[in-house]
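What follows is each chain in one-letter form.
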Amino acid sequence: MKTVRPLGLYIHIPFCKAKCVYCDFYSLPHGEDRMDAYTDALCAHLTEAAPLAASHTVDTVYFGGGTPSYLGEKRLCKILKVIEKRYQVARDAEITLEANPDSAGDWKALRALRRCGFNRISLGMQSACDEELRTIGRVHTMEQVQQAVEAARKAKIQNLSLDLIYGLPHQTQERWMENLAAAVALNPEHLSCYGLKVEEGTPLFAMKDTAGLPGDEEQADMYLQTVEFLKQYGYEQYEISNFAKPGRESRHNL
Ligand code: SF4
């Protein structure tokens, strides 16, 4: 008898509008002219690799990056259609799209994505403070975060996660808690809160001694406060950096 084992697919989209100062992920700024070629190559590779997954059922698909939302809904749907055609995708599979607020404010585009199968959005909010966002090289504002959340809800996306970073340059504990409270006020089903890591080779690493970074102790306190605070609002911690309303843990993470 054929065995059917679960399989998670991770699709990397290596394009971003600009490079954030702390980022050591593989991503290319200003790569618009290569997006079509990349999409075609990805589709070809998915088709070529599909026989290797013949005895698996895909229960999670995660489009990470980079900034997947920056690729645009047409290319994203094209890739997802190849996956659905070539792989056995479970009817209730969790299909996540990482998105940045500056490329996720159009509710009709989000509706098109939901209709083609995406059922979870992970939005890179990072901070509620525009000055902090600018300092770390993010190209969005808090207003765009709010617009993106509104757009996602209008598009009937019912599973929304917000990503936040604590320990940013010059960030106080009070400021961090304000950011966290602003995120909770947007009522996401899931939150990921990461402590800033200064990775070698990034612009932030080169200025780490003068960037006003909170120390390890301060960062640890922010973390402990985060766990306490989110518990009060009904978010259970199910992994070091991940918090969810009951039943909304990310299957991709699990
Ligand atoms: S948006 Fe994300 S992947 Fe892109 S440069 Fe910033 S941190 Fe890196």
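Look a little higher up for the structure.
Residues numbered from 1 in each chain as written. Predicted model: local features only at pLDDT ≥ 70, side-chain atom pairs only at ≥ 80, totals over all residues. Heavy atoms only, no water.

A. A look at the side chain of serine 69. Residue position: serine 69 is located in the loop between β4 (56-65) and α2 (73-86). The exposure class assigned to serine 69 is buried, which follows from its relative accessible area of 10%. (Helix = DSSP H or I, 4+ residues; strand = E, 2+ residues; numbered from the N terminus. Buried < 20%, exposed > 50% of the residue type's maximum accessible area, 1.4 Å probe, protein only.)

B. Structural detail: α2. With 14 residues, α2 should reach 20 Å at 1.5 Å per residue; the first-to-last C-alpha distance of 20 Å fits that figure. Looking at α2, one finds that the buried residues are Leu76, Cys77, Ile79, Leu80, Val82 and Ile83. Where α2 is buried, its residues touch β1 (5-13), α1 (35-49), β4, β5 (89-99) and α3 (107-116). (Expected span 1.5 Å × (residues − 1). Contact = heavy atoms within 4.5 Å.)

C. The arrangement of the site of the ligand in detail. Near the ligand the following residues occur: Cys16, Ala18, Lys19, Cys20, Tyr22, Cys23, Phe25, Ser27, Gly66, Thr67, Asn100 and Arg138. Classifying every residue of the shell around the ligand gives six nonpolar, four polar and two charged. (Near = heavy atom within 4 Å. Nonpolar A, V, L, I, M, F, W, Y, C, P; charged D, E, K, R; others polar.)

D. Expanded view of the sheet that holds strand β8 (residues 190-195). Spatial ordering of the open sheet is given by β1-β4-β5-β6-β7-β8-β10-β9, a layout of eight strands whose pairing is mixed. The sheet terminates laterally at β1 and β9 (236-239), the two strands that pair on one side only. Each strand of the sheet is rotated relative to its neighbour by a mean of 20 degrees, with strand direction disregarded. Sheet topology note: the strand β7 (residues 160-166)/β8 ladder contains six bridges and is parallel. Paired with serine 161 across the strands is histidine 190, a residue of β8. (Pairing = 2+ DSSP bridges. Axes fitted to C-alpha atoms, helices over the stretch in contact; angles between N-to-C directions.)

E. Summary view of the pattern of salt bridges. In total, this model carries six salt bridges according to the counting rule given. Close ionic contact of arginine 153 with glutamate 189 constitutes a salt bridge, the shortest N to O distance being 3.1 Å. Residue arginine 153 is found in helix α5 (residues 142-154), and its partner glutamate 189 is found in the loop between α6 (173-185) and β8; the two are separated by 36 residues along the sequence. A salt bridge links arginine 175 to glutamate 178; the nearest nitrogen and oxygen atoms lie 3.2 Å apart. Of this pair, arginine 175 and glutamate 178 both sit in helix α6, three residues apart, which is roughly one turn of the helix. (Salt bridge = Lys/Arg side-chain N within 4 Å of Asp/Glu carboxyl O.)

F. Inspection of the pairing of β5 at higher detail. The element β5 is extensively covered by neighbouring structure, given that eight of its eleven residues are classed as buried. As defined by bridge partners, β4 adjoins β5 across five bridges and the pair is classed as parallel. Looking at the pairing, threonine 60 lines up with glutamate 94 of β5. A crossover connection joins β4 to the parallel β5 through α2; in handedness this β-α-β unit is right-handed. Bridging between β5 and strand β6 (residues 120-126) involves four bridges; their strand directions are parallel. Looking across to β6, one finds that threonine 96 is bridged to arginine 120. (Right-handed = clockwise from strand over helix to strand, strands pointing away.)

G. Spatial organisation of the packing of α2 against α3. Two elements in contact, α2 and α3, have axes separated by 10 Å at closest approach and are oriented at 5 degrees. Of the possible angle classes, the one that applies to α2 and α3 is roughly parallel. Here Glu73, Leu76, Cys77, Leu80 and Glu84 of α2 lie close against α3, whose contacting residues are Ala109, Ala112, Leu113 and Cys116. Residues belonging to the contact of α2 with α3 are distributed by class as follows: seven nonpolar, no polar and two charged. (Parallel < 35°, antiparallel > 145°, perpendicular 65-115°, else oblique.)

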